[in-house]
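The lines below spell out each chain.
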There are 2 protein chains.
Amino acid sequence: MARASKREEIAQAALEQFRTRGFNATGISDITSAAGAPKGSFYNHFASKEASALEALDRYAAGLRFDMLDTAGRPPLERLRAHFEFMGSDTLDSGFVRGCLVGNFGAEVADHSEEIRSAVQRGFRQWASHIERVLAEAQESGAVSASLDVPATALFILSAWEGALIAARADKSSAPVDAFFHTVFGVVLR
Amino acid sequence: MARASKREEIAQAALEQFRTRGFNATGISDITSAAGAPKGSFYNHFASKEASALEALDRYAAGLRFDMLDTAGRPPLERLRAHFEFMGSDTLDSGFVRGCLVGNFGAEVADHSEEIRSAVQRGFRQWASHIERVLAEAQESGAVSASLDVPATALFILSAWEGALIAARADKSSAPVDAFFHTVFGVVLR
């Protein structure tokens, strides 16, 4: 039991450290220190830093709240907006740091680890497919144009979101995220 | 003379290494090896890895070919499209690696180095202002809607571009970049 709980603490600390520092700047000792565990204990639970990064991505993806996109009851475009407002709140409320782990690993690690690249790809594709379903629903209800290319638009919105978070962190302002909401909901999906 | 030339080689090698490996995974010895210089010589020319990263950003920005955006003669939206086609060719032709140094440093380093964050911010702002001028010209000529919010759209297009490059690297496909061109030129600026 104690061991299972320590694994959980290390896995959670790894997620926090990777989000805060990035992949390469995170040392195993940063993770174990944050978890209050001896450095050597890391390898009782994870084969490598890369293995813990893959689990961190899974944990991060589980927090993406796809249920907010999928649950009927509110109009589809309202759900889509609420989803991104929720996803942006962490970055905007934390002084414009951290951003999205999927995009950060994509920018920093995808070229150098085939396993992480592949996990980021799966994350993007899964996320885009949820956005695609919401857009298809909006299209069926007539809320967006019948001529909208739904798969391309879903992919575009997702990558535009990742770029907006990076630009907001560099600008230390919400202007790029504001421009995302203005253009996606006021122009692309009008 | 020899010394000035060695500085140039080290500065250029630093740009290549940062683009290929990212900031944290690049060691001083990676830079000096690539430049064919002894490791200690780095510090004859740069105070720190951060200082060479700032110069790498300047060198990268000088290659952004803002002249392609500014030079009249072709219709403004054609210039904008040619600019992004040119910017994407390196990533698309190199097997979907490297991406854009401004966005990569934004994702990886902006939270941790105030100097690099501020340089990324200046890079984004300078780039957005060139895009803004092209859009204003397109708006004056009637090529885009008079109701388009030009500053927000310029900022949005730039961050969408950064996200598209990251997603293309993760996906090892041009689909996110194709979706960028489709949506920006077919929907946002139609």
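Bear in mind the structure is a predicted one, so any value in this text is a computation, not a measurement.

Let us look at the overall build of chain A. In terms of helices and strands, chain A carries 10 helices and 0 strands. Starting at the N terminus, the α and β elements of chain A follow one another as α-α-α-α-α-α-α-α-α-α. Along the first, second and third principal axes, the C-alpha set of chain A runs to 55 × 35 × 30 Å. Across the 190 residues of chain A, 57% fall into the buried class. A fraction of 63% describes how many contacts in chain A between residues 6 or more apart in sequence connect residues 24 or more apart. When the accessible area of chain A is evaluated, it comes to approximately 7500 Å², of which 52% is carbon and sulfur surface. Across chain A, the 20 positively charged side chains and the 24 negatively charged ones have centroids separated by 4 Å.

What follows concerns the nonpolar core. In this structure, L189(A) and L189(B) are the most contacted members of the largest nonpolar core, which totals 132 residues. If sequence neighbours within four positions are ignored, L189(A) has contacts with L77(A), L80(A), L135(A), A143(A), V144(A), L148(A), T153(A), I157(A) and V184(A).

With that settled, the discussion passes to the interface of chain A and chain B. With 45 residues of chain A at the contact, the number on the chain B side is 45 residues. Of the roughly 3600 Å² buried between chain A and chain B on both sides combined, carbon and sulfur atoms contribute 64%. Summed over the three residues of chain A that lose the most area to chain B, namely D111(A), F156(A) and A170(A), the buried surface amounts to 17% of that side. Taken together, chain A and chain B are joined by 4 salt bridges. For R169(B), the salt bridge identified is with D111(A), shortest N-O distance 3.1 Å. Between the two partners, chain A and chain B, sit 14 residue pairs in polar contact (both at pLDDT 80 or more). Elements supplying a minimum of two residues to the side of chain A that touches chain B: α1 (2-21), α7 (101-108), α8 (114-140), α9 (150-171) and α10 (175-188) of chain A.

Residues and elements named next belong to chain A. Assigned domains of chain A: these are domain 1 (2-56) and domain 2 (63-188). Of note, the centres of domain 1 and domain 2, computed from C-alpha atoms alone, are 27 Å apart. Every contact between the two is made by 13 residues of domain 1 and, on the other side, 11 residues of domain 2. Between domain 1 and domain 2, roughly 1000 Å² of surface is buried when both sides are summed, and carbon and sulfur atoms account for 55% of that area. On the surface where domain 1 and domain 2 come into contact, there are 6 residue pairs in polar contact (both at pLDDT 80 or more). Of all elements in the fold, only α1 and α4 (49-62) reach the threshold of two or more residues within the side of domain 1 that touches domain 2. If you tally residues by element for the side of domain 1 that touches domain 2, the top one is α1, at 5 residues.

A word on the pattern of salt bridges. All names here are of chain A. Counted under the stated rule, the structure contains 30 salt bridges over all chains. Note that R117 and E114 form a salt bridge whose closest N and O atoms lie 2.6 Å from each other. Taken as a pair, R117 and E114 lie in helix α8 at a separation of 3 residues, close to a single helical turn. Given a relative accessible area of 8%, R117 falls into the buried group. Counted as one network, the salt bridges with shared partners bring together R7, E8, E55 and R59.

To continue, consider the relation of the copies chain A and chain B. Overlaying chain A with chain B gives an RMSD of 0.0 Å, the required rotation being 180° about an axis along which the chain moves by 0.0 Å. Read as a symmetry element, the transformation amounts to a two-fold axis.

Attention now moves to unusual backbone geometry. Phi is positive for R65(A), which is not a glycine, with a value near 55°. One can find R65(A) in the loop between α4 and α5 (66-70). R65(A) gets classed as partly exposed once you look at its relative accessible area, which sits at 33%. Phi angles above zero are rare outside glycine, and R98(B) is one such case at about 75°. One can find R98(B) in the loop between α6 (76-93) and α7 (101-108). Classification of R98(B) by relative accessible area gives buried; the value is 15%.

This part is about the UniProt feature "DNA-binding region" (unreviewed entry) in chain A. Summarizing the sequence annotation, UniProt attributes the feature "DNA-binding region" (unreviewed entry) to residues 27-46 of chain A in the numbering used throughout. Helix makes up 60% of residues 27-46 of chain A and strand 0%, and the two end C-alpha atoms of the span are 14 Å apart.

Cut-off values and rules
Residue positions within a chain follow its written sequence, with the count starting from 1. For naming, the first written chain is A and the first written ligand is 1, with later ones following in the order written. A pLDDT threshold of at least 70 governs which residues receive local features in this predicted model, and a stricter bar of 80 or more applies before side-chain atom pairs are shown or counted, although totals over entire chains, interfaces and linings include all residues. Computation of side-chain values covers all heavy atoms of the structure but excludes hydrogens and water. Each helix is a run of H or I in the DSSP string that is no shorter than four residues. Each strand is a run of E no shorter than two, and both are numbered from the N terminus. Relative accessibility under 20% of the residue-type maximum defines a buried residue, over 50% an exposed one, and the middle range a partly exposed one, all with a 1.4 Å probe and only protein chains included. Contact criterion: two residues are considered in contact whenever any of their non-hydrogen atoms come within 4.5 Å of each other. Per-residue and other accessible areas follow the Shrake-Rupley method at a 1.4 Å probe size, with only the shown protein chains counted as cover for residues. Asp and Glu count as negative and Lys and Arg as positive, but His and the ends of the chain are not part of the count. Here the site of a charge means atom NZ of a Lys, CZ of an Arg, CG of an Asp or CD of a Glu. Throughout this description, the term nonpolar core refers to a set of buried Ala, Val, Leu, Ile, Met, Phe, Trp, Tyr and Cys residues connected via side-chain atoms within 4.5 Å. Accessible-area loss on putting two parts together, using a 1.4 Å probe and summing over both, is the definition of buried area adopted here. For this document, the term salt bridge refers to a Lys or Arg side-chain nitrogen within 4 Å of an Asp or Glu carboxyl oxygen. Here a polar contact is taken to be a pair of N or O atoms separated by no more than 3.5 Å, where protein atoms must pair a possible hydrogen donor with a possible acceptor and residues adjacent in sequence count only if both atoms sit in side chains. Domain start and end points were adopted from an automatic or database domain assignment. Superposing the copies works by least squares over the C-alpha atoms of residues that have pLDDT at least 70 in both of them. UniProt positions are given in the numbering used here, feature names are shortened, and annotations may be inferred rather than shown by experiment.

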